Amino acid sequence: MFIVEYLSNMLRKLPKEVIIFVIISLAWFLLWLVTRKKFAKYGVSIYPFAIIIRSEKLRKIIMAFSYKHPRFVKYFSMVGLIISIPTIFYSLFYLLTEIIKRFHTPETTGTQVGIFEFLKIPLPQLIIFVFVLTLSVLFHEFSHGVSCSIEGEDVKSVGIFYIFPFFFGGYVVPGLDPEELIRKERGLLKSYAKMVATGLFTTFLLTVIAFSLLVNFNIAISPFFEKGKGALITRVVEGSPAWNKLHVGDVIIKINNTKITSPKDVVNFIRNASPNNLIVIYLLDRTVIIRLGSHPSNSSWGYLGVELFQYYKPKIGVLQPIHAFYIYLVFFYGYTLNFVLLIFNAIPIFIFDGGKVLWAILNMKEKLGNKLFNAIQALAASLLIVFCITLFY
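Residues numbered from 1 in each chain as written. Predicted model: local features only at pLDDT ≥ 70, side-chain atom pairs only at ≥ 80, totals over all residues. Heavy atoms only, no water.

Engineer: Before we move on, can you summarise the overall build of the protein chain with the specific residues and values?
Structural biologist: Secondary structure summary: the protein chain contains twelve helices and twelve strands in total. When contacts within the protein chain are restricted to residue pairs at least 6 apart in sequence, those whose partners lie at least 24 apart make up 69%. Put simply, the protein chain shows about 22,900 Å² of open surface, and 66% of that area lies on carbon and sulfur atoms. (Helix = DSSP H or I, 4+ residues; strand = E, 2+ residues; numbered from the N terminus. Contact = heavy atoms within 4.5 Å. Areas by Shrake-Rupley, 256 points an atom, 1.4 Å probe, with all protein chains shown as cover.)

What follows is the structure, given as structure tokens:
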């Protein structure tokens with residue numbers, strides 16, 4: 001009885017997100033035990049916390065595109081190889097500058113975010129994050145497969161995968177094998193470099209496109225929205241003064257006698273207000289009275305407990321102001337996720353695309369190539385280790 005009571009008390013203290021995560025994990029593990037062999041004949045492999053689906057139809061589609069547009073694939077791969085080389089060395093420069101920056105400007109005020117805090121992101125935002133990440137990975141991987149036709153090489157296997165709890169992606173196994181290239185087909189090293197570089201170039205293009213849309217956001221959404229005066233609520237912190245009084249999608253247009261034209265106006269008003277003050281918040285559809293709390297970072301500031309975005313007025317009846325924010329998230333995640341994927345995948349370590357590209361290029365020279373690559377790889381690995389350490393410094 002004592003053990004049962006102890007465990008029940010311990011479970012009550014755990015965050016509900018942790019409990020849900022553990023329950024789903026156990027359910028997944030049981031699913032794996034029961035079905036791990038039953039779906040193999042359908043090309044489905046179930047592992048602990050992962051599902052891989054091999055698709056012959058998808059492989060044929062990728063190869064058909066390659067054969068149908070050979071000139072496009074040829075030039076795309078060639079430009080990809082050219083772009084990938086400076087990107088590889090920029091990734092080293094980025095790691096170095098970030099390390100120096102962290103040592104010279106250490107963070108004096110910051111909060112540690114637990115691993116399960118990510119699960120507290122509002123569901124629509126989490127769905128957008130997963131959607132953008134999935135598309136980015138799929139475009140990256142499938143571009144490898146498309147470029148395999150450069151030298152008439154086939155694609156061994158193509159498929160999609162799911163990694164618990166919310167990561168989707170794709171994979172491509174090319175016909176070009178690095179070890180075979182060194183032993184027998186050194187002349188195909190350039191083709192191998194092009195094939196790998198195509199993935200980096202695809203991520204580079206996605207980063208540039210998303211960044212351009214982000215910078216020109218007002219123009220990008222102008223057919224559907226026009227910039228309005230107000231602050232859109234995108235998140236309400238649980239247990240805050242705004243909890244159960246303000247909701248996601250509400251638009252603040254006035255606080256007391258102060259007109260609100262942007263989120264900055266709300267932030268300035270709340271910070272200048274004292275804790276425990278009563279304020280009147282005018283929304284598009286109603287009025288709310290709220291007593292401010294104390295800000296967690298500075299007890300002299302007022303605290304409302306909302307996250308805000310610029311209000312955009314819909315031009316089409318079926319759209320809501322919150323939809324402009326969701327479009328912004330697609331652009332924002334598209335840029336940040338692809339930039340991170342580009343930088344880290346370009347690091348010249350052989351497990352990354354950047355390492356494979358540099359290895360192939362340098363090994364065209366039989367004598368010095370591998371030694372030079374190993375030296376650069378050692379430097380890159382050292383920088384990556386130090387960078388990871390500084391994240392927790």
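Once the structure has been displayed, the description carries forward.
Engineer: Explain the pairing of strand β5 (residues 225–236) residue by residue, including any values.
Structural biologist: Sheet topology places β5 next to strand β12 (residues 306–314); eight bridges connect them, and they run antiparallel. The partner of Lys-227 across the bridge, within β12, is Tyr-312. For β5 and strand β6 (residues 251–255), the ladder comprises two bridges, and the chain directions are antiparallel. Looking at β6, one finds that Leu-232 is bridged to Val-251. (Pairing = 2+ DSSP bridges.)

Engineer: Hey, could you go over the nonpolar core for me, with residue numbers and the actual values?
Structural biologist: Core analysis: the largest hydrophobic core is formed by 38 residues, its most contacted members being Ile-347 and Val-357. Sorting the residues of this core by element identifies α3 (56–68), α4 (70–104), α5 (123–147), β3 (155–163), α7 (189–215), α11 (353–362) and α12 (369–390) as the ones contributing at least two each. Ranked by residue count, the leading element in this core is α7, at seven residues. The residues touching Ile-347, leaving out its near neighbours within four places in the chain, are Ser-91, Leu-95, Phe-352, Gly-354, Gly-355, Ala-380 and Leu-384. (Core = buried A, V, L, I, M, F, W, Y, C linked by side-chain atoms within 4.5 Å. Buried < 20%, exposed > 50% of the residue type's maximum accessible area, 1.4 Å probe, protein only.)

Engineer: Quick one: what's the story with unusual backbone geometry, residue by residue and with numbers?
Structural biologist: Despite not being glycine, Asn-256 shows a phi value in the positive range, around 55°. Note on placement: Asn-256 falls in the loop between β6 and β7 (258–259). Within the chain, Asn-276 stands out as a residue other than glycine whose phi angle is a positive 75°. Its location among the elements puts Asn-276 in the loop between α9 (263–272) and β8 (278–283).

Engineer: Kindly report on the pattern of salt bridges, identifying the contributing residues and their values.
Structural biologist: Evaluated as defined, the whole model comprises five salt bridges. The residue Arg-286 makes a salt bridge to Asp-250 at a minimum N-O spacing of 2.7 Å. On the criterion of sequence distance, the pair formed by Arg-286 in the loop between β8 and β9 (287–291) and Asp-250 in the loop between β5 and β6 is long-range, its members being 36 residues apart. Across the salt bridge formed by Arg-286 and Asp-285, the nearest N and O atoms sit 3.3 Å from each other. Overall, the relative accessible area of 26% leaves Arg-286 in the partly exposed class. Here the salt bridges share partners, and the residues they tie into one network are Asp-250, Asp-285 and Arg-286. (Salt bridge = Lys/Arg side-chain N within 4 Å of Asp/Glu carboxyl O.)

Engineer: For the packing of aromatic side chains, give the residues involved together with the corresponding values.
Structural biologist: Inspection of the entire model under this criterion finds 23 aromatic pairs. On the numbers, 5.8 Å between centres and 80° between planes, the contact of Tyr-94 with Phe-339 is edge-to-face. One end of the pair, Tyr-94, is in helix α4; the other, Phe-339, is in helix α10 (residues 321–345), and 245 residues separate them in sequence. Aromatic pair Tyr-328 and Phe-332: ring centres 6.2 Å apart, planes at 10°, arrangement stacked. You can see Tyr-328 and its partner Phe-332 sitting in helix α10, four residues apart, about one turn around the helix. Take Tyr-328: its relative accessible area is 25%, and that puts it in the partly exposed class. On the accessibility criterion, Phe-332 (33% relative accessible area) is partly exposed. Of the aromatic side chains, those joined through ring pairs into one cluster are Phe-129, Phe-217, Phe-309, Tyr-312, Phe-325, Tyr-326, Tyr-328, Phe-331, Phe-332 and Tyr-333. The ring centre of Tyr-282 lies 5.2 Å from the NZ or CZ of Lys-254, which sits over that ring. (Phe/Tyr/Trp six-rings, centres within 6.5 Å; stacked < 30°, edge-to-face > 60°. Lys NZ or Arg CZ within 6 Å of the ring centre and 35° of its normal.)

Engineer: Can you lay out the environment of Ile-99 for me, pointing to particular residues and giving the numbers?
Structural biologist: Position of Ile-99 relative to the elements: it lies in helix α4. The sequence separation of Ile-99 and Ile-389 amounts to 290 residues, and the corresponding C-alpha distance is 9.4 Å. The contacts of Ile-99, once residues within four sequence positions are left out, are Leu-383, Val-386 and Phe-387.

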